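Reading the structure
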Amino acid sequence: EAAVTQSPRNKVAVTGGKVTLSCNQTNNHNNMYWYRQDTGHGLRLIHYSYGAGSTEKGDIPDGYKASRPSQENFSLILELATPSQTSVYFCASGGVNQDTQYFGPGTRLLVL
Amino acid sequence: SQLAEENPWALSVHEGESVTVNCSYKTSITALQWYRQKSGEGPAQLILIRSNEREKRNGRLRATLDTSSQSSSLSITATRCEDTAVYFCATDAHGNEKITFGAGTKLTIKP
């Protein structure tokens, strides 16, 4: 069964601090995605990746960086966290050709 | 403006009844997906329907796709309390690896 895990599950950060959210998948999928979910907006794509070493900007990349060091791992980095980045973040993996995406359980981030 | 939009934004029915959620989208697509998200969980795909398909079923779920009107529907028959969730449609843009989600329909199944 597809498996995507995220860590941490909950995070409290201070404004201006650095935050790293991690994602691991055991599906051997090439594509991985980071979304944020806020009330009234559904899921919005921040960054995605086609494979190890690649990162692409999604629809709302400002204030975020991404890193894909291996097929299995994809990180989302907030270099200078702001309160507007308080949200629930979801990682997903998927095959090519707009195939099914498998989501992790989410990380709840609160920036004070 | 969003590329995909579900309606209504909220819906409530009694257990055992049938319910339909609609989706409209704005670009030509390769496929449309329906996802369900239960409280505290990540979304999970229910049905993927490709642009050359008109209907797809998965147990009590039935999805339709009308590319001429750029719309889709997801119907659930014999609803159960565990169907309570937010339902999203998600579309790709032709040739694009990304998919775009709508804001979702919150479905509540009452006992």
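The coordinates are above.
Residues numbered from 1 in each chain as written. Chains lettered and ligands numbered in written order. Predicted model: local features only at pLDDT ≥ 70, side-chain atom pairs only at ≥ 80, totals over all residues. Heavy atoms only, no water.

Here's the deal with the overall build of chain A
Per the secondary structure count, chain A includes zero helices and 11 strands. When the helices and strands of chain A are placed in sequence order, the string is β-β-β-β-β-β-β-β-β-β-β. The C-alpha radius of gyration of chain A comes to 13 Å, within 12% of the 13 Å expected for a compact globule of 112 residues. In terms of its C-alpha atoms, chain A occupies a principal-axis envelope of roughly 35 × 30 × 25 Å. As displayed, chain A offers around 5,100 Å² of accessible surface, 49% of which is attributable to carbon and sulfur atoms. Side chains of chain A carry 9 positive and 8 negative charges; the gap between the two charge centres is 9 Å. (Helix = DSSP H or I, 4+ residues; strand = E, 2+ residues; numbered from the N terminus. Rg over C-alpha atoms; globule rule 2.2 N^0.38 Å. Areas by Shrake-Rupley, 256 points an atom, 1.4 Å probe, with all protein chains shown as cover. Lys, Arg positive; Asp, Glu negative; His and termini not counted. Charge placed at Lys NZ, Arg CZ, Asp CG, Glu CD.)

Overview of the overall build of chain B
Across its full length, chain B holds zero helices and 11 strands. Along chain B, helices (α) and strands (β) appear in the sequence β-β-β-β-β-β-β-β-β-β-β when read from the amino end. Buried positions account for 42% of the 111 residues belonging to chain B. Within chain B, contacts between residues at least 6 apart in sequence are counted, and of these 54% link residues at least 24 apart. Charge separation in chain B, taken as the distance between the mean sites of 13 positive and 12 negative side-chain charges, equals 1 Å. (Buried < 20%, exposed > 50% of the residue type's maximum accessible area, 1.4 Å probe, protein only. Contact = heavy atoms within 4.5 Å.)

Quick notes on the interface of chain A and chain B
Counting from both sides, the interface comprises 24 residues of chain A and, opposite them, 22 residues of chain B. For the pair chain A and chain B, the two sides together bury roughly 1,700 Å², of which 48% comes from carbon and sulfur. For the pair chain A and chain B, the number of links is one salt bridge. (Buried area = accessible area lost by both parts, 1.4 Å probe. Salt bridge = Lys/Arg side-chain N within 4 Å of Asp/Glu carboxyl O.)

Here we look at the state of the cysteines
Residue and element names in this part refer to chain B. Within this structure, the stated rule accounts for two disulfides over all chains. Sulfur-sulfur distance for the disulfide between Cys 23 and Cys 89 comes to 2.1 Å. Taking the torsion about the S-S bond as the criterion, the Cys 23 to Cys 89 disulfide, at about 70°, is right-handed. Of the two residues, Cys 23 is situated in strand β3 (residues 19–25) and Cys 89 in strand β9 (residues 85–92); the sequence distance between them amounts to 66 residues. (Disulfide = S-S within 2.5 Å.)

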